[in-house]
Amino acid sequence: MRVKECGEFGFIDSIKEDTIVDPSTVTVGIGDDCAVYSAEPNREQLITTDMMVAGIHFSPKTTKPFDVGYRLGAANISDIAAMGGTPRQAVIAVALPDDMTVEYMHRLFDGLKSVCHKYGVNLIGGDTVKTDGPLVLSVTVIGDVPTGKALLRSGAKPGDLVAVTGPVGSSAVGLGALLAGVDGYEVAKAIHKRPEPQVAWGLRLRHAGAHSANDISDGLASELNEIAKASGVVITIQAENIPLLDETRQWAKETNKDPLSFAYFGGEDFQLVTTVPAKAFQRGDLTGLHVIGHVTAGDEPVVYVETGEGFKTKLPAKGYNHFTEDKATDGKATALKTATTATASTATKQKEDSHE
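Residues numbered from 1 in each chain as written. Predicted model: local features only at pLDDT ≥ 70, side-chain atom pairs only at ≥ 80, totals over all residues. Heavy atoms only, no water.

Caption draft 1: Quick peek at helix H4 (residues 170–180). Within H4, nine of the eleven residues are buried, leaving the element largely enclosed by the surrounding structure. The complete set of buried residues in H4 reads Ser 170, Ser 171, Ala 172, Val 173, Gly 174, Leu 175, Gly 176, Ala 177 and Leu 178. Just beyond H4, the residue with positive phi is Gly 181, at close to 70 degrees. (Buried < 20%, exposed > 50% of the residue type's maximum accessible area, 1.4 Å probe, protein only. Helix = DSSP H or I, 4+ residues; strand = E, 2+ residues; numbered from the N terminus.)

This is the structure:
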């Protein structure tokens, strides 16, 4: 059945069940002009929104409708995690093509509800319209954090250690394997299809006294440069310390690429990159966090990469950008093309430096 056959309100009625995870915070959910929810005292509200467009962010070749909904929810919840916050409520707006089926949208909402249930988020409202273009989805998530305690990009301080919460570059590898239609790479494929926002790590980092954080949505290079610029610091990372899946190293061999290019420029891992005072590690609060570098003062914000051979080069602020040319269908394909060029440039620069 097509959505137009059951109408806007029939469609809304068909998906509004099982949307409230924590009723203690919701006074009015789906069905009125506005949702009504309660906010705890002494906590600041966090709000983030993310949009996905069919043919740009996902395609039927690589993404089932359940995974579309899951990824959309995860991307927003990840932003709350990066602030050290707790996600609470969500609303969704959808623009549906004329031939969109109810069955497809039910599976998409199943995915969105699944990730919301996992992280305690209520789906409390939204909007549905028709479009002559592709399917467009926009989710807004509201969370909260104790007053004055949000982890900001601008908080990094000289002396901090730079760390990530898990392997990076995995989603880009999963996407590449899916697009190529090859067997294997099941862990990377799963990470691309259903990424897990690092809410627990965000809370641990805040409690441990982390100074800044960013979620890795556009690639490690982009996120590190955002922190360096916002904080006015120099960040130096050690290439050999960046955690990668074995599948990432294998895919790099198969595609004749630098495995770190996927970490730097691939994106959509939704791990967190953070800067933390060294004393937090001495307390043992952050066991399992991967230290990859350090923060120093400098005349201008910049990110450097050091290799095991002693070479040191700038890491450019490149990653996925919606307004670059030559877009390829589904997410980060363009970013991977950028990664190949940037990695080649870095290798050339290192070779030149070695002869100075």
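Next, the rest of the story.
Caption draft 2: Local environment of the nonpolar core. Core analysis: the largest hydrophobic core is formed by 32 residues, its most contacted members being Ile 92, Met 105, Phe 109, Leu 112, Leu 135 and Leu 137. At the level of secondary structure, the elements contributing two or more residues to this core comprise strand E3 (43–53), helix H2 (65–82), strand E4 (86–96), helix H3 (102–118) and strand E6 (136–146). Considering every element that reaches this core, the biggest residue donor is H2, with eight residues. Excluding residues within four positions of it along the chain, Leu 135 makes contact with Met 52, Val 53, Ala 54, Phe 58, Ala 95, Leu 96, Pro 97, Met 100, Tyr 104, Met 105 and Leu 108. In this structure, Ile 216, Ile 237, Leu 244 and Phe 265 belong to the second largest nonpolar core, which totals 26 residues. (Core = buried A, V, L, I, M, F, W, Y, C linked by side-chain atoms within 4.5 Å. Contact = heavy atoms within 4.5 Å.)

Caption draft 3: Structural context of the sheet that holds E4. Spatially, four strands are ordered E3-E6-E4-E5 in an open sheet, and the strand pairing comes out mixed. Each edge of the open sheet is held by one strand with a lone partner, namely E3 and strand E5 (122–130). The mean inter-strand angle of the sheet, taken between neighbouring strand axes irrespective of direction, is 15 degrees. In terms of strand pairing, E4 meets E6 through nine bridges, oriented antiparallel. The residue bridging Val 94 from the neighbouring strand is Leu 137, located in E6. (Pairing = 2+ DSSP bridges. Axes fitted to C-alpha atoms, helices over the stretch in contact; angles between N-to-C directions.)

Caption draft 4: Molecular detail of the environment of Ile 235. Within the secondary structure, Ile 235 is located in strand E9 (residues 234–238). Residue class for Ile 235 comes out buried when judged on its relative accessible area of 0%. Each C-alpha atom of the pair Ile 235 and Pro 158 lies 8.9 Å from the other, and the pair is 77 residues apart in sequence. Apart from the residues within four sequence positions on either side, Ile 235 is in contact with Val 162, Leu 224, Ile 227, Ala 228, His 294, Val 295, Val 302, Val 303 and Tyr 304.

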